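Letter by letter, the chains look like this.
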Amino acid sequence: MALATFLFALSVSAAAIKLKGPPAAPIPHFEHAYTVNRLPSRGSMQPMSELKTVENVIRLTRGNGSSLSSLYVQAMRLQDTGREGSYSRLVTGSLPLVNIEQGTVFLAPVKVGGQDFDVVIDTGSSDPWLASTGFDCVDPYTHDDEPEDYCYFGPLYDPSKSTTFTPIPDRNLNLSYADGEFINGLMGYESFTMGGITVPQQQFSAVNFAGWYGDGISTGLVGFAYRTLTSAYAGTDPKLDKAGKQISYNPFFVNMYTSNTTAPVFSMAMSRNENEGGVMALGGIPDIPHSPYWISVPIIPVGVNASSGEVVYEFYTVVIDGYAYSSDQSAQFNPYNSANSRKRSLVGNGTQAIVDSGTSLMYVANDVAVGVTLAFTPPGTCDPSSRTDPTCYVPCHSIPPVFGVTIKKKVFYVNAQDMILQNGFDEETQMPVCISAVQANLKGLTILGDSWMKNVLAVFDIGAEMMRFSAREFYGLGNYGTTASPGGYS
């Protein structure tokens, strides 16, 4: 995948927004130039960690909102195609995008200073932060003062109720996002507990000023980025903060493994049950059904750079061998691409792909997306050249093709249940509208999103800079799920 420069401008009419919960707010007009670049290796890699089953497992739930990773992915896709419109994390927003493209927010419980909260888990950023009592809420677009519930956070963190909070003098957090959202706050030390693991003095921000599109449940965010992308600055006036002058500190998960509390590994298994979300294990893997066969592949760190040059977001990227797909349900594939007339060759060889649970769909090369769409029975329609609607649509009752992503000569198949997604209703006929889980990347970023990740147990080995995958396309979450797991691995 060629890493290219993407520009985007965000603008949309407030009349196009339908918001449940807080009052409707206009989506901001925010201009920035972004580059997507490979980041250098850290250099001091550790041996791969032993994959142990651990009890430090977090049950994830799906939040009512849009992920920050999709914020960057979709904004860049919009500009790359010349489509008008914008992208925002505004809850239940009505936007000129396929709704599913807004991605998925995953929430996890955390105890901070003896208080319980739900936070967004974000693998592309590093800072831990919580909205605190008495914070000032403003409209992200106009910066007009608004009541607290306008920002739509969950329960607020109260430093006065904590016996473990220690403020850090002359230090502030200053974060802004691609849709104009932002948070500011003072820095401090606090006790953080997640998945049964406690970091007694975690640096974080008690946010006291926010322009935010909340979900009514989450109080803040905990980042699990590959690198340290922390955004703390000297002083207490965010207006004086300068790009590139951040003060680095250890994020939550980094403190866990540098203190030898856990191995430098976390893993994720997503559920296809919308009421569950998935599980995340710290220091190893959860005790869930999966194939005994693992593959390992190096992480290629990729950063999203702002026009200032600073890295503002990060993705976990791996090289895939290619894609296997066919309308023939009994088709066999040749992951080695050797001369074998009885097996089908892969397509899209040697592609760099971002692994991201926050993006709902899979985005692949245009020709692959068209081929997969036409392999449905009956076939769908897909026109990546369209500047108005390049979405790949399929009949809701169609039979999906066999589809898999090959990594290190192993094909990871996608369960047919994950190949068709309902996306609203036709305005005229009121009949359901369905799309393929495999969409055209419009010559941009290649993404292995939630539809693919539901079919694997994904291990993020930060110390070794490796990712590992095991297949689980026919498995549920075992004892961590609310529904029985289908039997038998195939």
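Every chain begins its residue count from 1, and numbering advances along the sequence as written. At least 70 in pLDDT is required for a residue's local features to be given in this predicted model, at least 80 for side-chain atom pairs to be given and counted, and no such filter applies to totals for whole chains, interfaces and linings, which use all residues. Side-chain measures here rest on the full set of heavy atoms in the structure, leaving out hydrogens and waters.

Enquirer: Teacher, can you tell me more about the overall build of the protein here?
Expert: Numbering goes from the N terminus for both helices and strands, where a helix is a DSSP run of H or I of at least four residues and a strand is a run of E of at least two. Looking only at helices and strands, one finds 5 helices and 30 strands in the protein. Residue pairs in contact within the protein that sit at least 24 positions apart in sequence constitute 71% of those at least 6 positions apart. For the protein, the accessible area works out to roughly 19300 Å², and carbon and sulfur atoms hold 50% of it. Contacts are assigned to residue pairs with any non-hydrogen atoms lying within 4.5 Å of each other. Using the Shrake-Rupley algorithm and a 1.4 Å probe, accessible areas are obtained, with residue cover drawn only from the displayed protein chains.

Enquirer: Mind showing me how you'd approach the pairing of strand E13 (residues 265–270) here?
Expert: The two faces of a sheet get side chains in turn, since along a regular strand they alternate between them. Taken across its 6 residues, E13 has 6 buried, putting it largely inside the fold. The buried label applies to any residue whose accessible area, calculated with a 1.4 Å probe on protein chains only, is under 20% of its type's maximum; exposed applies above 50%, and partly exposed to all values in between. Of the two faces of E13, the one lined by Val265, Ser267 and Ala269 and the one lined by Phe266, Met268 and Met270 are each fully buried. The criterion for strand pairing is that DSSP finds at least two bridges linking the strands in question. Here E13 pairs with strand E29 (residues 456–461) via 4 bridges, running antiparallel. Bridge assignment links Phe266 to a residue of E29, and that residue is Phe460. Summarising the sheet, E13 and strand E14 (residues 278–282) pair through 5 bridges and their orientation is antiparallel. Of the residues in E14, the one forming a bridge with Met270 is Gly278.

Enquirer: Sorry, what's going on with the nonpolar core here?
Expert: Nonpolar side chains in soluble globular proteins generally cluster together in the buried interior. As used here, the term nonpolar core means buried Ala, Val, Leu, Ile, Met, Phe, Trp, Tyr and Cys residues forming a set that is joined through side-chain atoms within 4.5 Å. With 107 residues, the main nonpolar core has Trp129, Phe266, Trp452, Met467 and Phe469 as its most contacted residues. Listed in part, the 12 residues of the second largest apolar core include Val54, Ala269, Leu477 and Tyr480.

Enquirer: Would you mind going over the sheet that holds strand E18 (residues 322–326) with me for this structure?
Expert: Hydrogen bonds along the backbone pair up the strands of a sheet, which may run parallel or antiparallel. Pairing within the open sheet is antiparallel, and its 3 strands lie in the order E18-E23-E24. The open sheet has two edge strands, E18 and strand E24 (410–413), and neither has a second partner. Pairs of neighbouring strands in the sheet enclose a mean axial angle of 30 degrees, with direction left out of account. Two elements, E18 and strand E23 (residues 402–407), share 5 bridges in a ladder whose sense is antiparallel. By the bridge assignment, Tyr323 is partnered in E23 with Val405. The angle between two axes is taken between their N-to-C directions and runs from 0 to 180 degrees, where each axis is a line fitted to C-alpha atoms and a helix contributes only its stretch in contact.

Enquirer: Got a minute to help me understand helix H4 (residues 366–374) in this structure?
Expert: Owing to its 3.6 residues per turn, the α-helix aligns residues three or four sequence positions apart on the same side. What H4 keeps buried is the set Asn366, Val368, Ala369, Gly371, Val372 and Thr373. Buried-residue contacts for H4 involve E18, strand E22 (362–364), E23, strand E26 (432–436) and strand E27 (438–440).

Enquirer: Help me understand the pairing of E24, please; the structure alone is not making it clear to me.
Expert: In this structure, E23 lies alongside E24, joined through 4 bridges in antiparallel fashion. Bridged to Thr406 within E24 is Val411.

Enquirer: What's the story with the packing of aromatic side chains in this structure? I'm lost.
Expert: Each aromatic ring pair is described using two quantities: the centre-to-centre distance and the angle formed by the ring planes. Planes of paired rings set the category: under 30 degrees apart is stacked, over 60 is edge-to-face and the rest tilted, where pairs are Phe, Tyr or Trp rings (Trp by its six-membered ring) whose centres lie within 6.5 Å. Enumeration according to the criterion identifies 23 aromatic pairs in this entry. With 5.4 Å between their ring centres and 80 degrees between their planes, Phe135 and Phe153 make a pair best called edge-to-face. With Phe135 in strand E6 (residues 129–138) and Phe153 in the loop between helix H2 (148–151) and strand E8 (166–176), the pair connects residues that are 18 residues apart, well separated along the chain. For Phe135, a relative accessible area of 3% corresponds to the buried category. When its relative accessible area of 11% is taken as the criterion, Phe153 is described as buried. Taken together, the ring pairs in this structure connect Phe117, Tyr157, Phe165, Phe192, Phe204 and Phe252 into an aromatic cluster. Distance and angle both matter: a charge sits over a ring if NZ of Lys or CZ of Arg is within 6 Å of the ring centre and within 35 degrees of the ring normal. Directly above the aromatic system of Phe412 lies the positively charged group of Lys410, at a separation of 5.9 Å from the ring centroid.

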